[in-house]
Amino acid sequence: MSTQGGQPTQTSEPTQLLHLVFGGELTSLDGVTFRDLSKLDIVGIFPDYASAAVAWKAKAQQTVDSALTRYFIVHLHRLLQP
């Protein structure tokens, strides 16, 4: 909050809805158990779903030839809410 002419004003910053994009090779197509946790690919944390989806799609397309490799989007903002 800042002041303008002695009156408080609110700065409107965009709401952050953090999303994590990560993936790796699964042990089977039926579950979400990773073959080797030390080889997980942490793509990054993104400020909104749209940018996370762009990163997810790019990584998914890079690994299209590996049937067991999957990438996920985790809604971190939901985990951070009290």
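As shown above, the structure is provided for reference.
Residues numbered from 1 in each chain as written. Predicted model: local features only at pLDDT ≥ 70, side-chain atom pairs only at ≥ 80, totals over all residues. Heavy atoms only, no water.

Asker: Quick question: what am I supposed to make of the pattern of salt bridges here?
Answerer: Once their charged atoms are close, side chains differing in charge can pair, the charge on each being opposite to the other. In this structure the tally under the stated criterion is two salt bridges. A salt bridge links glutamate 25 to arginine 35, with the shortest nitrogen-to-oxygen separation between them at 3.1 Å. Taken together, the residues span a long stretch of sequence, with glutamate 25 in strand S3 (residues 19-25) and arginine 35 in the loop between S3 and strand S4 (41-46) at a distance of 10 residues. Relative accessible area serves as the criterion here: at 38%, glutamate 25 is assigned to the partly exposed category. A relative accessible area of 45% means that arginine 35 is categorised as partly exposed. One salt bridge in this structure joins aspartate 41 and lysine 59, with 3.1 Å as the shortest N-O distance. Taken as a pair, aspartate 41 in strand S4 and lysine 59 in helix H1 (residues 49-62) lie far apart in primary sequence, 18 residues in all. (Salt bridge = Lys/Arg side-chain N within 4 Å of Asp/Glu carboxyl O. Helix = DSSP H or I, 4+ residues; strand = E, 2+ residues; numbered from the N terminus. Buried < 20%, exposed > 50% of the residue type's maximum accessible area, 1.4 Å probe, protein only.)

Asker: What am I meant to see in H1 here?
Answerer: Residues that lie three or four places apart on an α-helix share one face, since the helix turns once every 3.6 residues. For H1, with 14 residues, the first-to-last C-alpha span of 20 Å sits near the 20 Å given by 1.5 Å per residue. The backbone nitrogen of alanine 50 has a side-chain oxygen 3.4 Å away, supplied by the residue at the start of H1, namely aspartate 48. (Expected span 1.5 Å × (residues − 1). Polar contact = N/O pair within 3.5 Å; in protein donor to acceptor, adjacent residues only side chain to side chain.)

That's the geometry; what it means functionally is another story.
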